[in-house]
Amino acid sequence: MAELYGVLEAGKVGIFESPTGTGKSLSLICGALSWLRDFEEKKKQEEAHLLADERNGHDKQQQPSSCSTEASDCQGSTGELDWITEFVQKKEERDMVDRLKEEQIRRKKREDRLEKIRHNVQLKYASKRKRLEDDETERLLQLSKEILSTELGSDVLEQLDHGEEELILAEYESDEEKKVTSGLDEDDDDDLEEEHVTKIYYCSRTHSQLAQFVHEVQKSPFGEEIRLVSLGSRQNLCVNEEVRRLGAVQLINDRCMEMQKNKHGKKSEGEDSEGKKRRVSRAVCPFYSYEQMQFLRDEVLVKVKDIEQLVTLGKETKACPYYGSRYAIPAAQLVVLPYQMLLHESTRCASGIKLKDQVVIIDEAHNLIDTITCIHSAEVSGSQLCCAHSQLLQYMERYRKRLKAKNLMYIKQILYLLERFVSILGGNINQNPNTQSISQAGTELKSINDFLFQSQIDNINLFKVQRYCEKSLISRKIFGFVERYGATSVVKTNKENQKMTGLQNFLHTLQEPDKEAAVQCPPVEAEDGQPKMASPLMQIEGFLSALTNANQDGRVILNRQGTIAQSSLKFLLLNPAVHFAKVLKECRAVIIAGGTMQPVSDFREQLLSCVVGADRVVEFSCGHVIPPENILPIILCSGPSNQQLEFTYQKRDLPQMMDELGRILSNLCNVVPGGVVCFFPSYEYEKQVYAHWERMGLLTRLATKKKIFQEPKRANQVEQVLAEYTKCIKRCSQLGGQMTGALLFSVVGGKMSEGINFSDDLGRCVVMVGMPYPNIKSPELQEKMAYLDKTMPRTAGQAPSRRLIENLCMKAVNQSIGRAIRHQKDFASILLLDHRYARPSIFNKLPQWIKERTEIKPAFGLAFAVLKKFHQEKRSEAS
């Protein structure tokens with residue numbers, strides 16, 4: 001906490017490592033919020049001092065001074081310049097004082113408002129009474145609609161002539177609702193324009209991790225006084241059941257944006273082509289209410305709430321938590337959000353996040369580089385390109401006469417881009433992608449400029465096209481178009497009917513299951529059970545945006561496989577620092593924290609070195625809270641039959657190597673109680689070893705001591721496997737007998753190597769089989785290695801590409817072995833099965849708390865004796 005406080009005070013960049021179970025979250029909370037409290041106190045004192053000086057200066061101005069008389073007698077250009085400089089300085093001081101006064105007024109207004117909500121119960125009851133009245137009004141409205149529907153019949157409503165539309169009442173809008181029409185430009189909108197509040201943005205990977213952090217804040221000494229706002233996606237925060245039923249994130253975002261736009265830019269009347277008035281009815285969100293969101297904003301600031309509590313509050317107040325939480329950001333002191341929301345600039349701006357002179361803490365940051373790379377990379381399949389082209393073409397054909405010239409120009413440019421993308425893959429945009437075969441399959445990498453030239457699109461300004469897509473919401477319009485006509489058989493004219501039928505047929509072929517095709521236009525279940533197609537144009541917009549990166553910062557990968565539908569174009573970001581640089585430059589201080597941050601050289605080289613000087617980066621790593629005798633890490637160099645353990649690609653498939661691994665596990669299961677988790681370098685190798693042991697009868701011998709479980713490939717099956725694994729270990733612990741627990745085969749980088757808690761009996765021993773080096777033949781990895789060798793210097797005679805390979809390997813190892821020790825009284829043994837772990841360049845990349853206790857055992861007999869003694873002693877202590 002002291003080190004964190006110092007980094008924030010000095011405005012530096014800190015890389016903090018604190019193992020799981022050591023109180024990392026609470027340390028971050030207390031250290032950061034203590035600094036924030038002290039910083040705000042100092043800021044108030046400075047403001048008071050400045051205002052006092054201003055009052056004193058104003059009093060002095062009432063009396064003429066000799067200095068002013070002398071200044072007026074100054075002659076020449078020097079005196080004039082001094083006078084101008086003095087005038088500018090005084091004006092700046094007056095402006096600053098005026099701003100401070102305004103901020104004080106706003107701050108006082110906000111504090112009074114929140115204090116009233118805290119202590120005045122009548123306000124809450126008044127709000128609740130108003131909500132009950134609104135509910136009753138809505139119920140009566142619905143009843144009126146049902147009565148009308150029963151009396152007139154649905155057929156009559158459908159048969160109304162076009163001219164009769166003018167007779168139907170437009171949707172009623174109360175005065176309160178009309179406030180939203182002008183956005184937030186009301187008398188109260190200065191409530192949203194708060195004074196400059198210094199904030200701490202706390203980011204983590206998942207919503208569950210953020211919820212856990214919020215609960216820690218609630219229990220901390222700052223829980224009652226801190227103004228905390230939890231941000232999340234629409235999928236997590238939306239309370240409109242009609243929108244939530246859409247399921248897919250893209251559809252929820254699209255519908256929400258459309259309903260919000262209807263609320264703001266709602267028109268009750270429009271002009272048709274003949275100049276006559278016509279009614280326009282558009283769906284609006286009942287939860288997007290200005291008054292209710294003001295109330296929700298204040299409730300969020302009064303008391304710390306997590307995402308679930310925010311959603312519950314939104315349902316009670318009938319206010320949108322997604323927008324309500326964003327309105328609370330200006331006054332917040334601590335903003336909690338997923339780090340994808342902070343790291344993507346467009347999302348950051350759309351969420352109202354301003355990082356200037358603020359503090360950012362990124363927790364669980366061990367995969368920060370991969371996350372930035374993933375967020376700013378993009379991939380589109382051939383089927384998506386063809387699907388988007390067909391949808392956009394049909395849209396243009398239908399509304400050509402209504403579209404403005406500039407719209408038509410950009411639509412034609414996008415159509416041309418899609419056509420060229422399919423062409424460079426070797427296909428024809430006008431044919432079904434599922435039936436177009438690729439003559440020469442394979443993978444090809446190109447620089448951005450080469451890709452643009454060879455696609456013949458270098459004459460198109462992609463910045464303007466991308467901006468048009470973003471501002472015009474064209475992908476949302478296309479989705480609405482497909483939603484309206486994709487499943488409708490009745491259209492007005494025969495010519496239009498042919499066009500829509502063509503679109504329906506094309507969409508239908510894309511939705512048909514094809515074993516050989518990898519169609520990525522995902523069907524989404526509608527309310528009636530019929531699948532509806534989300535437009536792939538949004539995915540393509542991401543690819544166009546990626547192509548605007550600098551030529552040296554990325555590569556385009558052309559992946560030609562089987563058919564056009566299976567083929568794809570992928571943008572690979574090579575330089576994540578270019579996107580993280582904006583965060584580093586704007587923020588006062590940045591903290592990168594995690595339980596396992598080793599090796600940290602990746603962060604320095606790939607994220608910080610080109611933006612931040614070495615003197616501004618601070619590294620801090622603390623040891624574990626467990627006693628040294630509670631952990632036994634062993635590097636095992638050979639097995640029971642003296643076979644050297646080297647699980648390289650060349651040797652790991654040998655039968656004698658798999659047999660030796662089986663003998664090691666068999667011995668372990670005889671002495672280790674509870675659960676043993678064994679990590680393999682890949683799913684393929686785990687499957688190969690399992691099949692070999694099954695043939696040799698070794699699985700049967702292992703099953704007499706431990707029930708065997710395998711990590712599933714499907715994410716939705718992980719919880720079930722873990723539940724059965726846990727249940728088996730508890731049952732064996734209670735009943736005793738020959739079976740002492742369970743053996744779980746997992747995969748490094750899989751579903752169970754990160755974020756899973758194998759505490760106590762669930763993980764008494766973690767076994768790491770070999771070294772999980774990445775696939776060196778991967779085109780993406782080869783390009784990344786070449787890029788680093790070109791841009792980074794050698795260190796200690798080692799090439800940057802070699803450091804990258806070792807760092808990727810050891811980062812995965814460190815994450816996996818960190819699953820075992822989860823709290824202060826926990827204990828476990830860790831076995832690293834490969835003699836290469838003893839090499840200094842590899843050994844030094846282990847976490848400090850493991851490295852300082854690791855024993856290197858060249859022979860299995862010595863290792864087994866130490867292991868047996870360790871578990872016997874721990875068992876006797878527990879009993």
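So, on to empty space enclosed by the protein. Throughout the structure, instances matching the rule amount to five cavities of 30 Å³ or more. Of the voids in this model, the largest cavity is the one considered here, and its volume is about 120 Å³. Residue lining of the largest cavity: 14 residues in total, with Cys238, Cys256, Cys285, Cys320 and Tyr323 positioned closest to the centre. Counting residues per element, the lining of the largest cavity draws most heavily on helix H11 (residues 249-264), at three residues. Of the residues belonging to the lining of the largest cavity, the class tally is eleven nonpolar, two polar and one charged.

Note on placement: lysine 845 falls in the loop between helix H33 (840-843) and helix H34 (848-851). Take lysine 845: its relative accessible area is 12%, and that puts it in the buried class. There is a polar contact of 3.1 Å between the side chain of lysine 845 and the backbone oxygen of serine 841.

In this section: the state of the cysteines. Here the structure, examined in full by the defined rule, presents zero disulfides. Cysteine 587 forms no disulfide, and the closest cysteine sulfur to it belongs to cysteine 203, at a distance of 9.0 Å. A relative accessible area of 5% places cysteine 587 in the buried class.

Let's shift gears to the sheet that holds strand E9 (residues 442-447). Spatial strand order, E8-E13-E12-E9: four strands in an open sheet with antiparallel pairing. Both edges of this open sheet fall to strand E8 (378-381) and E9, since each of them pairs with a single strand only. Within the sheet, the average angular offset between the axes of one strand and its neighbour, ignoring direction, is 15 degrees. Bridging between strand E12 (residues 554-561) and strand E13 (residues 563-573) involves seven bridges; their strand directions are antiparallel. Residue pairing across strands places leucine 558 opposite leucine 569, the latter belonging to E13.

The complete set of buried residues in helix H21 (residues 462-472) reads Leu462, Val465, Gln466, Tyr468 and Cys469. Mapping the buried residues of H21 onto a view down its axis gives an arc of 155 degrees, with all of them on the same face. In H21, the exposed residues that point more than 90 degrees away from the buried face are Phe463 and Lys471. Close packing links the buried residues of H21 with helix H19 (405-425), helix H20 (448-454), helix H22 (474-485) and helix H24 (537-546). Two or three places before phenylalanine 463, at the start of H21, stands the capping residue asparagine 461, its side-chain oxygen 3.1 Å from that residue's backbone nitrogen. Positive backbone phi, approximately 55 degrees, marks leucine 473, located one or two places after H21.

Ranked by internal contacts, the top residues of the largest apolar core, which has 63 residues, are Tyr201, Leu337, Leu342, Leu368, Phe580 and Phe603. Those residues in contact with leucine 342, other than ones at most four positions away along the chain, are Tyr201, Cys203, Leu337, Arg348, Leu355, Val360 and Val583. Ile631, Phe709, Met752 and Phe843 belong to the second-largest nonpolar core, a separate cluster that totals 49 residues.

Quick look at unusual backbone geometry now. With an omega of -5 degrees, the peptide bond between glutamine 598 and proline 599 qualifies as cis. Topologically, proline 599 is positioned in the loop between strand E14 (589-594) and helix H26 (601-608). The phi angle at aspartate 357 is positive, at roughly 60 degrees, despite the residue not being glycine. Mapping aspartate 357 onto the fold places it in the loop between helix H16 (345-350) and strand E7 (359-362). At glutamate 364, a residue that is not glycine, the phi angle is positive and equals roughly 50 degrees.

Okay, the sheet that holds strand E18 (residues 706-710) next. Taken in spatial order, the seven strands of this open sheet run E18-E19-E17-E20-E21-E16-E22, and their pairing is parallel. Looking at strand neighbours, the two that pair on one side only are E18 and strand E22 (855-857), the edges of this open sheet. Each strand of the sheet is rotated relative to its neighbour by a mean of 20 degrees, with strand direction disregarded. As defined by bridge partners, strand E16 (residues 631-636) adjoins strand E21 (residues 828-833) across six bridges and the pair is classed as parallel. Pairing of leucine 632 across the sheet is with serine 829, part of E21. Contacts from helix H27 (residues 655-671) reach E16, strand E17 (674-680), E18, strand E19 (741-747), strand E20 (765-769) and E21 within the one sheet, and its direction differs from that of E20 by about 175 degrees. In the packing of helix H35 (residues 860-878) onto the sheet, the strands contacted are E16, E21 and E22, and the crossing angle to E16 comes to about 165 degrees.

What follows concerns the pattern of salt bridges. Across all of its chains, the model carries 22 salt bridges by this definition. For the salt bridge of aspartate 363 with lysine 24, the shortest nitrogen-to-oxygen distance reads 2.8 Å. Within this pair, whereas aspartate 363 is found in the loop between E7 and helix H17 (368-375), its partner lysine 24 is found in helix H2 (residues 24-61), the two being separated by 339 residues in sequence. Lysine 24 shares its class with aspartate 363; the two are buried. A salt bridge links arginine 803 to glutamate 605, with the nearest nitrogen and oxygen atoms 2.9 Å apart. In this pair, arginine 803 sits in helix H32 (residues 800-817) while glutamate 605 sits in helix H26, placing the two residues 198 residues apart along the sequence. When its relative accessible area of 6% is taken as the criterion, arginine 803 is described as buried. Residue glutamate 605 is classed as buried on the basis of its relative accessible area, which comes to 19%. Residues participating in the shared-partner salt-bridge network are Lys24, Asp363 and Glu364.

Locating cysteine 374 in the fold gives a position in helix H17. Here cysteine 374 falls in the exposed class, since its relative accessible area comes to 59%. For cysteine 374 and leucine 573, which are 199 residues apart along the polypeptide, the C-alpha to C-alpha distance reads 7.9 Å.

Parameters and conventions
- Residues numbered from 1 in each chain as written.
- Predicted model: local features only at pLDDT ≥ 70, side-chain atom pairs only at ≥ 80, totals over all residues.
- Heavy atoms only, no water.
- 1 Å grid on protein atoms, 1.4 Å probe; cavity = no way out; pocket = protein on both sides within 12 Å on 5 of 7 lines; lining within 4 Å.
- Points joined across faces, edges and corners; volume = space filled by probe spheres on them.
- Helix = DSSP H or I, 4+ residues; strand = E, 2+ residues; numbered from the N terminus.
- Nonpolar A, V, L, I, M, F, W, Y, C, P; charged D, E, K, R; others polar.
- Buried < 20%, exposed > 50% of the residue type's maximum accessible area, 1.4 Å probe, protein only.
- Polar contact = N/O pair within 3.5 Å; in protein donor to acceptor, adjacent residues only side chain to side chain.
- Disulfide = S-S within 2.5 Å.
- Pairing = 2+ DSSP bridges.
- Axes fitted to C-alpha atoms, helices over the stretch in contact; angles between N-to-C directions.
- Arc of directions from axis to C-beta.
- Contact = heavy atoms within 4.5 Å.
- Core = buried A, V, L, I, M, F, W, Y, C linked by side-chain atoms within 4.5 Å.
- Salt bridge = Lys/Arg side-chain N within 4 Å of Asp/Glu carboxyl O.

Treat this as a map of the structure, not an account of what it does.
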